[in-house]
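Commentary on secondary and tertiary structure
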Amino acid sequence: MAPRRKKIYEGKAKILYEGPEPGTLIQYFKDDATAGNGQRKEVFEGKGALNSRLSEFFMTGLNAIGVPTHFIRTLNMREQLVRQVEIIPLEVIVRNYAAGSMARRLGLDEGTQLPRPIVEFCYKADKLGDPLVPEEYIVAFGWASQQDLDDIVSLALRVNDFLSGVMHGVGIRLIDFKIEVGRIWDNDFPSLVVADEISPDSARLWDIATGRKLDKDVFRQNLGSLTDAYAEVARRLGVLPQGTTHHRIKPTLIN
Ligand code: TYD
């Protein structure tokens, strides 16, 4: 049987298919979760739908306040129509509190508030484990220009303000997150937009009241059910997808 449409790229958590019109792609969210740069892999039923819904929520919110993103519209529970972009080969990380690699590198306790939001860049190269790189490398090797970097930092800080505020409103602290940035062309004019996804797979989200982790660290550190954590974020934001409610209550035995 001929495939329904052409697969452009398959990553660890998403698949990109050719879109219905030139300049568009379909982004499919898988249920797979990986940790340690793909060394550990597990499938969590419902994760793809939760991440698709959450990413839609954040991207449409950003679009609404004038922060451009690649998101066009949701097609179904785990697929989105997005603009095709030229991905800048950087993982753009914004940190508000120390955690993960930064806490290890600087010997800081996880959760230490940083003096101000810090933006850092990792070079997207799976084989190398996405190494942290200084801006000088990025410009010297031509991965992005200095002007691009200045624009990327502004974009990342606007995303940070938006996400921090939205999450604070539902009692969640935005510790850090990662975005990817893409270039689009409109009539020969280039501009940079937020691409990829914004979800608990690529952010650290801690419940303010209890410190409970509501992000991929639940999987990395075996802290319980990953989908329960993501569903909690979606529930608080009022965007829990239909049909993904968890059956926490045991079935009742009918005699
Ligand atoms: P970081 O602490 O550098 O890495 P790790 O998760 O390996 O300890 O990550 C900072 C934030 O950016 C965290 O929320 C995870 C996210 N991130 C990704 O989603 N993908 C990546 O490739 C990288 C480097 C970070």
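Here's what I pulled together on the structure shown here. (Residues numbered from 1 in each chain as written. Predicted model: local features only at pLDDT ≥ 70, side-chain atom pairs only at ≥ 80, totals over all residues. Heavy atoms only, no water.)

Backbone geometry follows two general trends: most residues other than glycine have a negative phi, and most peptide bonds adopt the trans configuration. Even without being glycine, asparagine 37 reaches a positive phi, approximately 55°. Structurally, asparagine 37 can be placed in the loop between β4 (32-35) and β5 (40-43). Owing to a relative accessible area of 39%, asparagine 37 belongs among the partly exposed residues under this scheme. A positive phi angle is found at aspartate 196, which is not glycine, with a value near 65°. Tracing the sequence through the fold places aspartate 196 in the loop between β13 (189-195) and β14 (203-207). Of the residues examined, aspartate 196 reaches a relative accessible area of 13% and is grouped as buried. (Helix = DSSP H or I, 4+ residues; strand = E, 2+ residues; numbered from the N terminus. Buried < 20%, exposed > 50% of the residue type's maximum accessible area, 1.4 Å probe, protein only.)

Counting residues in hydrophobic clusters, the biggest one holds 49 residues, and the most contacted among them are Val159, Ile179 and Ile198. By residue number, the principal contributor to this core is helix α4 (residues 146-169), which donates eight residues. Leaving out residues up to four positions away in the same chain, valine 159 has contacts with Leu62, Val67, Phe177, Ile179, Val194 and Ile198. (Core = buried A, V, L, I, M, F, W, Y, C linked by side-chain atoms within 4.5 Å. Contact = heavy atoms within 4.5 Å.)

Now for the site of the ligand. Neighbouring the ligand are 15 residues, the closest being Arg95, Ser101, Asp130, Asp176 and Arg204. With respect to the ligand, the side chain of arginine 95 contributes an N or O atom lying 2.7 Å from an oxygen atom. Residue aspartate 130 places a side-chain N or O atom 3.2 Å away from an oxygen atom belonging to the ligand. In isolation the ligand has 510 Å² of accessible area, and contact with the protein removes 80% of it. Only β9 (90-97), α2 (100-106), β12 (172-186) and β14 provide two or more residues apiece to the shell around the ligand. Considering only residue class, the shell around the ligand consists of three nonpolar, three polar and nine charged. (Near = heavy atom within 4 Å. Polar contact = N/O pair within 3.5 Å; in protein donor to acceptor, adjacent residues only side chain to side chain. Areas by Shrake-Rupley, 256 points an atom, 1.4 Å probe, with all protein chains shown as cover. Nonpolar A, V, L, I, M, F, W, Y, C, P; charged D, E, K, R; others polar.)

Turning our attention to the sheet that holds strand β1 (residues 7-10). Taken in spatial order, the five strands make up an open sheet running β1-β2-β3-β7-β6, and their pairing is antiparallel. Each edge of the sheet is formed by a strand with only one pairing partner; in this case those strands are β1 and β6 (71-76). Direction aside, neighbouring strands of the sheet carry axes that sit 25° apart on average. Bridge analysis of β1 against strand β2 (residues 14-18) gives three bridges, and the strand direction is antiparallel. (Pairing = 2+ DSSP bridges. Axes fitted to C-alpha atoms, helices over the stretch in contact; angles between N-to-C directions.)

Looking at the secondary structure, you find arginine 173 in strand β12. The partly exposed category is assigned to arginine 173, whose relative accessible area is 31%. Sequence separation between arginine 173 and leucine 205 is 32 residues; the distance between their C-alpha atoms is 5.7 Å. Apart from residues lying up to four places away in sequence, arginine 173 is in contact with Tyr97, Arg204, Leu205, Trp206 and Ile208. Separated by 3.4 Å, the side chains of arginine 173 and tyrosine 97 make a polar contact.

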